[in-house]
Amino acid sequence: RRVRAHGGTDLHQGLVAALGLREQRFGELGDAAIDELFVLSDGVPTTGDMQEGADILREVREANRYAKVRIHCVFTGQGRGAELLRALAEENGGVFVRR
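So, how was this worked out
Residues numbered from 1 in each chain as written. Predicted model: local features only at pLDDT ≥ 70, side-chain atom pairs only at ≥ 80, totals over all residues. Heavy atoms only, no water. Helix = DSSP H or I, 4+ residues; strand = E, 2+ residues; numbered from the N terminus. Buried < 20%, exposed > 50% of the residue type's maximum accessible area, 1.4 Å probe, protein only. Contact = heavy atoms within 4.5 Å. Areas by Shrake-Rupley, 256 points an atom, 1.4 Å probe, with all protein chains shown as cover. Axes fitted to C-alpha atoms, helices over the stretch in contact; angles between N-to-C directions. Parallel < 35°, antiparallel > 145°, perpendicular 65-115°, else oblique. Left-handed = near helix turned anticlockwise from the far one by under 90°. Nonpolar A, V, L, I, M, F, W, Y, C, P; charged D, E, K, R; others polar. Salt bridge = Lys/Arg side-chain N within 4 Å of Asp/Glu carboxyl O. Core = buried A, V, L, I, M, F, W, Y, C linked by side-chain atoms within 4.5 Å.

Moving on: the overall build of the protein. Counting its secondary structure elements, the protein contains 3 helices and 3 strands. Buried residues in the protein amount to 35% of all 99 residues. Sequence separation of at least 24 residues holds for 65% of the intrachain contacts in the protein that already meet a minimum separation of 6. Element-wise, carbon and sulfur atoms account for 48% of the exposed surface of the protein, whose accessible area totals about 6,800 Å².

Let's shift gears to the packing of helix 2 (residues 53–67) against helix 3 (residues 81–91). Two numbers describe how helix 2 lies on helix 3: the axes approach to 11 Å, and their chain directions differ by 15°. On the basis of their axis angle, the class for helix 2 and helix 3 is roughly parallel. Every pair of crossing elements has a handedness; the one defined by helix 2 and helix 3 is right-handed. Between helix 2 and helix 3, the residues in contact are G53, L57, V60 and R61 and L84, A87, L88 and E91, respectively. Across the contact of helix 2 with helix 3, the residue classes tally to 5 nonpolar, 1 polar and 2 charged.

Along the chain, R80 falls in the loop between strand 2 (70–75) and helix 3. For R80, a relative accessible area of 68% translates into the label exposed.

With that settled, consider the packing of helix 1 (residues 11–19) against helix 2. In contact at an axis separation of 11 Å, helix 1 and helix 2 are set at 5° when each is read in the N-to-C sense. In terms of their interaxial angle, helix 1 and helix 2 are classed as roughly parallel. Two secondary-structure elements touch here, helix 1 through H12, L15, V16 and L19 and helix 2 through I56, E59 and V60. Here the residues of the contact of helix 1 with helix 2 are counted per class, giving 5 nonpolar, 1 polar and 1 charged.

Take the pattern of salt bridges next. Counted by the stated rule, this structure contains 5 salt bridges. Here R61 and E91 are joined by a salt bridge, their closest N and O atoms 3.0 Å apart. You can see R61 sitting in helix 2 and its partner E91 sitting in helix 3, a full 30 residues away along the chain. For E91, a relative accessible area of 38% corresponds to the partly exposed category.

Our next topic: the nonpolar core. Core analysis: the largest hydrophobic core is formed by 20 residues, its most contacted members being L15, V39, I71 and C73. Elements with a contribution of two residues or more to this core: helix 1, strand 1 (36–41), helix 2, strand 2 and helix 3. Broken down by element, the residue count for this core peaks at 6 residues, all from helix 3.

This is the structure in structure tokens:
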């Protein structure tokens, strides 16, 4: 009961940290430290350096091309964010759940 949401959603930075996107160099296959990722979000990027869903999907698609990290998404909000999370899960072998 004491936990309150505040601030924005930086979905891109969360994915960068979890997938190690900044550590990869062009031409390298990458070596993810994880094989599955669970994202709980309202799916609406409102802060950070990348807020367009199509751009986020494109970067994750390219970075995860060889690592094959399964990305599961739990939609925790209402509205338009569900589609971004659904696409993120579907494109990365994961499961999308709406709660």
